[in-house]
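Each chain, written out:
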Amino acid sequence: MKHLDEYRDAETARRLAASIHREADTDRRYRLMEFCGGHTHAIFRYGIEDLLPANIEMVHGPGCPVCVLPTGRLDMAIRLAKRDGVILASYGDMLRVPGSKGQSLMKAKADGADIRMVYSTLDALKLAEANPGREVIFFAIGFETTTPPTALAIEAAAKAKLGNFSVFCNHVLTPSAIAAILEAPAVRDLGAVEIDGFLGPAHVSVVIGSQPYEFFAEEYRKPVAISGFEPIDILQSILMLVRQLNEGRAEVENQYIRAVTRDGNLRAKQAVSRIFELRRDFEWRGLGHIPYSALRLKDAYAAFDAERRFDEPYIASEGNKACACPAILRGAKKPTDCRLFGSVCTPETPLGSCMVSSEGACAAYYSYGRMRERTQ
Amino acid sequence: MNVASRASRSASRRLDLAAGRVDLTHGAGGRAMQQLIEEIFRPAFDNPMLARGDDQAAFEVVGGRMVMSTDSFVVSPLFFPGGDIGSLAVHGTVNDVAMSGARPLYLSAGFIIEEGFPLADLERIARSMGEAARAAEVAVVTGDTKVVERGKADGLFINTAGIGVVPPGIEISGDRARAGDAILISGSMGDHGVAIMAHRAGLEFETTIVSDSAALNGLVADMVASVPTIRVLRDPTRGGLAATLNEICHQSAVGMRLDEAAIPVRPEVLGACELLGLDPLNVANEGKLIAIAPAEDAGRLLGVLRRHPLGRDAMVIGEVTADPARFVRMATRIGGERMIDWLAGEQLPRIC
Ligand code: SF4
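This is a predicted model, so every value here is computed, not measured.

Here we look at the overall build of chain A
The helix and strand inventory of chain A stands at 17 helices and 13 strands. Taking 21 Å as the expected radius of gyration for a compact globule of 376 residues, we find that chain A reaches 21 Å, a close match to that expectation. Along the three orthogonal principal directions, the C-alpha set of chain A runs to about 65 × 45 × 45 Å. The proportion of buried residues among the 376 residues of chain A is 60%. Within chain A, counting contacts between residues at least 6 apart in sequence, those at least 24 apart form 77% of the total. Counting 47 positive and 47 negative side-chain charges, chain A places the centres of these two groups 4 Å from one another.

Written out as structure tokens, the structure is:
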């Protein structure tokens, strides 16, 4: 674990912070979006904002799989779980996410639905093998990082002719979300989203590579620094963005060279394209409908697609109207701008998905940063 | 051969500890239950009070304050690196009693066993419980056994209750922390929870992490003998260091400031936590304690802790502050600051 220590070293952090202070132009503001919920979490967990000058502001992005899942998709999962003979295998976080009409997977479980918490797709596959008389549905969520394991599990199930395994697929694509933030008229009209540069995802980029971001840098003149998840990574990436902005550059720089290449992981990408194809349309919480922004199973694997197998329709649902998650996911608001934050909405009684996942901005603010509000 | 003599012969046959299983007759209050007690529990716990065979244990009441505590154990898996549900059931309750500064004396043990449970496992667990009790110098003086139908319990659940006596002059309670006090911990955080999670079905990864499950009463006895001014003792079990410190802040109406760099976490535990997306400060311990004492006594207390094998890695990790919001703050390793909060409803497996 020497590896971790190296990227959490206090002295290196101090040196980087000093460079950022020295080089950041006091006459301007730097609004940098960390796309990824993993970065949001790390920024709070390590108190990174305490090391930054006041004119560098981190804007929290939509890269939290639990957060961007629209309420209608969660409702679908609840309906699937309640079917006779079904075991729904889900990541633990999803259980607490509020659905429509005060529903949640947790409540469905208490009402008798058989919902099992798993840590990976493989766990779900094992559940299917161990319960041949039951229909096991894996509630798949996540960006490009979690998609390859789902693809491999489906392939394994097909090979083993596992007839009682299927996937409720909610895998979404990072570049589509970034494009939506930069492009969507709804976002621009709000006018609140000024973003000067992006901290690019770590694990997602390991899979897709740095190449997909080149378009954003070129087309929108926004610098990107692909960053690891450790505090030193993040500080280094912020420094890279400050330098690019000072010099008027808009390039894709790769801070996370120890894991990310330009082309990403070819084998993982191949596995994904063997099993999945683009969905014509997918609704995101906060970002609305984005064309070609998510994946579904190819026709050849339709038998493993829970949506088709159980003919479960998507019914859009608004969720709690007072919850500011949608604006937070676009970077237009901060958790503390929500009047429910910390009073009605807490991690124990979440009203929105951003308060559930540890990668959600509201949860990170609440658990790690709420003392700041009192002292300001 | 008549029926009566056949029945008496079968009852005199010893339990099949190699391949036998618990069935419903073992909990029915008849001969079979008697046999289970005689052949498994009594030899394992072996003490005069239990040997008397009454439904209760009788003991002399000593002067001073007595403390009592109870805890139920539903850990899964039943056997894990560093212990099993039996030793855990002894350590857990011994520690709860000891965290008042008391010397634990007696335990009760209640077993809820699922029909079909292997007798070999039951015997192994009872023996481990007996060994843990003897090592901690407490006696299991009364007990109970129930057998429930298959599917109504997960193998075996154990409840233990414990009684102890507080030495004169010792006043330890969660509401006694005062601004300026020093906060100490006896060793590394997160070992037990990670050891359990690593061995849970479906979550098996290469690991050398062993549960820290241990009886802390010997350590506590040394501590209160040398530093009777200790104000708070608590073992950070479920919810880990984070939950326990928040509980103390609420009870004492204070805040805390910690130094992340001072909190020992084993590199393997840290690595496993990264993988599982957990914070080691939220992960359970079963053989560690938190002590809060006046700052002027902190150095002496640290010395006592480090001289004991269970406190070798002890550290002063921070101080109690005056804070109406009762926040636990922590200076992070890289020089930032964050809060340490209770973990909200994370769906962790059964760890104790
Ligand atoms: S605080 Fe709760 S209600 Fe408000 S935006 Fe966050 S999740 Fe939604």
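So, the overall build of chain B
Looking only at helices and strands, chain B features 10 helices and 13 strands. Its C-alpha atoms give chain B a radius of gyration of 22 Å, near enough to 20 Å, the size a compact globule of 352 residues would have. If you line up chain B on its principal axes, its C-alpha atoms span 85 × 50 × 35 Å. A buried classification covers 55% of the 352 residues belonging to chain B. Contacts in chain B between residues at least 24 apart in sequence constitute 84% of all its contacts with a sequence separation of at least 6. Placing the 34 positive and 44 negative side-chain charges of chain B at their respective mean positions leaves the two points 3 Å apart.

Comments concerning the domain arrangement of chain A
All names here are of chain A. Split by domain assignment, chain A resolves into domain 1 (15-62 + 175-254), domain 2 (67-172 + 294-309) and domain 3 (325-369). Using C-alpha coordinates to define each centre, domain 2 is positioned 25 Å away from domain 3. With six residues of domain 2 at the interface, the matching set in domain 3 holds 11 residues. Interface area for domain 2 against domain 3, summed over the two sides, is near 720 Å², with a carbon-plus-sulfur share of 63%. Considering only the surface of domain 2 that becomes buried against domain 3, Cys67, Arg96 and Pro98 emerge as the three largest contributors, covering 72% of it. Inspection of the region where domain 2 meets domain 3 yields zero salt bridges. Here domain 2 and domain 3 share three residue pairs in polar contact (both at pLDDT 80 or more) between them.

Quick word on the interface of chain A and chain B
In this assembly, 34 residues from chain A lie in contact with 27 residues from chain B. Interface area, chain A with chain B, both sides summed: about 2600 Å², of which 57% is carbon and sulfur. Looking at the side of chain A facing chain B, the largest losses of area belong to A:Arg45, A:Tyr119 and A:Met371, adding up to 25% of the total buried there. At the boundary of chain A and chain B, one finds two salt bridges. In this structure, the salt-bridge partner of B:Glu274 is A:Arg8, at a minimum N-O distance of 2.5 Å. Along the contact surface separating chain A from chain B lie six residue pairs in polar contact (both at pLDDT 80 or more). The set of elements that each furnish at least two residues to the side of chain A that touches chain B consists of helix H2 (10-23), helix H3 (37-45), helix H7 (121-130) and helix H17 (361-375) of chain A. Among the elements that take part in the side of chain A that touches chain B, H17(A) stands out by supplying eight residues, more than any other. Broken down by class, the residue content of the side of chain A that touches chain B amounts to 17 nonpolar, four polar and 13 charged.

Overview of the pairing of strand S3 (residues 86-90) of chain A
All names here are of chain A. For S3, the buried fraction is high: five of the five residues fall into the buried class. By the alternation rule, side chains of S3 split into Val86, Leu88 and Ser90 and Ile87 and Ala89, which are all buried. Strand direction decides the pairing type here: S3 and strand S5 (residues 135-142), joined by four bridges, are parallel. Residue Ala89 lies in a different strand from S5, and its bridge partner there is Phe138. With four bridges joining them, S3 and strand S4 (residues 114-117) adopt parallel strand pairing. Considered in S4, the bridge of Leu88 is made with Ile115. For the handedness criterion, the β-α-β arrangement of S3, helix H6 (residues 105-110) and S4 is classed as right-handed.

Looking at the site of the ligand
Neighbouring the ligand are the residues A:Cys323, A:Ala324, A:Cys325, A:Ile328, A:Cys338, A:Leu340, A:Phe341, A:Cys345, A:Gly352, A:Met355 and A:Cys362. Mapping the ligand onto the cavity grids shows that it belongs to the largest cavity.

Points about the domain arrangement of chain B
Residue and element names in this part refer to chain B. As far as domains go, chain B holds domain 1 (11-166) and domain 2 (182-339). Using C-alpha coordinates to define each centre, domain 1 is positioned 28 Å away from domain 2. Residue-level contacts link 17 residues of domain 1 with 20 residues of domain 2. Where domain 1 packs against domain 2, one counts zero salt bridges. Counting residues per element, the side of domain 1 that touches domain 2 draws most heavily on helix H4 (residues 85-98), at seven residues.

Some remarks on the sheet that holds strand S1 (residues 30-36) of chain A
All names here are of chain A. Spatially, S2-S1-S7-S8-S9 is the arrangement adopted by the five strands of the open sheet, whose pairing is parallel. With partners counted over all chains shown, the strands left at the sheet margins are strand S2 (56-63) and strand S9 (252-254), one partner each. Ignoring which end each strand starts from, the neighbouring axes of this sheet average 25 degrees apart. By the bridge criterion, three bridges tie S1 to strand S7 (residues 197-200) in an arrangement that is parallel. The partner of Leu32 across the bridge, within S7, is Gly197.

Details of helix H5 (residues 119-135) of chain B
All names here are of chain B. Its 17 residues give H5 an end-to-end C-alpha distance of 24 Å, which sits within 8% of 24 Å, the value for a rise of 1.5 Å per residue. Of all the residues in H5, the buried ones are Leu119, Leu122, Ile125, Ala126, Ser128, Met129, Gly130, Ala132 and Ala133. Of the residues flanking the end of H5, it is Glu137, one or two places downstream, whose phi is positive at about 60 degrees.

Structural notes on the state of the cysteines
Residue and element names in this part refer to chain A. For the coordinates displayed, the defined rule picks out one disulfide over all chains. Between Cys64 and Cys67 runs a disulfide, and the two sulfur atoms are separated by 2.2 Å. Here the S-S torsion is close to 65 degrees, and the disulfide linking Cys64 with Cys67 is therefore right-handed. As far as the burial class goes, Cys64 and Cys67 line up, both buried.

A few points about the pattern of salt bridges
Close approach of charged atoms allows side chains of opposite charge to pair. Evaluated as defined, the whole model comprises 38 salt bridges over all chains. The partner of B:Asp181 in a salt bridge is B:Arg231, with the nearest N and O atoms 2.7 Å apart. Taken as a pair, B:Asp181 in the loop between strand S6 (156-166) and strand S7 (182-185) and B:Arg231 in the loop between helix H7 (217-226) and strand S8 (232-234) lie far apart in primary sequence, 50 residues in all. Connected through shared salt-bridge partners, A:Glu277, A:Arg296, A:Asp299, A:Asp305 and A:Arg308 make up one network.

Here's the deal with the packing of H2(A) against helix H13 (residues 231-246) of chain A
Residues and elements named next belong to chain A. Interaxial distance between H2 and H13 falls to 10 Å at its minimum, and their mutual angle equals 20 degrees. When the axes of H2 and H13 are compared, the pair comes out roughly parallel. Between H2 and H13 lies a crossing whose hand is left-handed. Across the interface between the two elements, Thr12, Ala13, Leu16, Ser19, Ile20 and Glu23 of H2 pack against Ile232, Leu235, Gln236, Ile238, Leu239, Val242, Arg243 and Asn246 of H13.

Brief notes about the environment of B:Ala136
Residues and elements named next belong to chain B. With respect to the element layout, Ala136 can be found in the loop between H5 and strand S5 (139-148). The spacing of Ala136 and Leu156 is 20 residues in sequence and 23 Å in space, taken between C-alpha atoms. If we ignore the near neighbours within four places in the chain, the residues touching Ala136 are Val94, Ala215 and Asn217.

About the criteria used
- Residues numbered from 1 in each chain as written.
- Chains lettered and ligands numbered in written order.
- Predicted model: local features only at pLDDT ≥ 70, side-chain atom pairs only at ≥ 80, totals over all residues.
- Heavy atoms only, no water.
- Helix = DSSP H or I, 4+ residues; strand = E, 2+ residues; numbered from the N terminus.
- Rg over C-alpha atoms; globule rule 2.2 N^0.38 Å.
- Buried < 20%, exposed > 50% of the residue type's maximum accessible area, 1.4 Å probe, protein only.
- Contact = heavy atoms within 4.5 Å.
- Lys, Arg positive; Asp, Glu negative; His and termini not counted.
- Charge placed at Lys NZ, Arg CZ, Asp CG, Glu CD.
- Domains from an automatic or database assignment.
- Buried area = accessible area lost by both parts, 1.4 Å probe.
- Salt bridge = Lys/Arg side-chain N within 4 Å of Asp/Glu carboxyl O.
- Polar contact = N/O pair within 3.5 Å; in protein donor to acceptor, adjacent residues only side chain to side chain.
- Nonpolar A, V, L, I, M, F, W, Y, C, P; charged D, E, K, R; others polar.
- Pairing = 2+ DSSP bridges.
- Right-handed = clockwise from strand over helix to strand, strands pointing away.
- Near = heavy atom within 4 Å.
- 1 Å grid on protein atoms, 1.4 Å probe; cavity = no way out; pocket = protein on both sides within 12 Å on 5 of 7 lines; lining within 4 Å.
- Sits in = over half its atoms within 2 Å of the grid points.
- Axes fitted to C-alpha atoms, helices over the stretch in contact; angles between N-to-C directions.
- Expected span 1.5 Å × (residues − 1).
- Disulfide = S-S within 2.5 Å.
- Parallel < 35°, antiparallel > 145°, perpendicular 65-115°, else oblique.
- Left-handed = near helix turned anticlockwise from the far one by under 90°.

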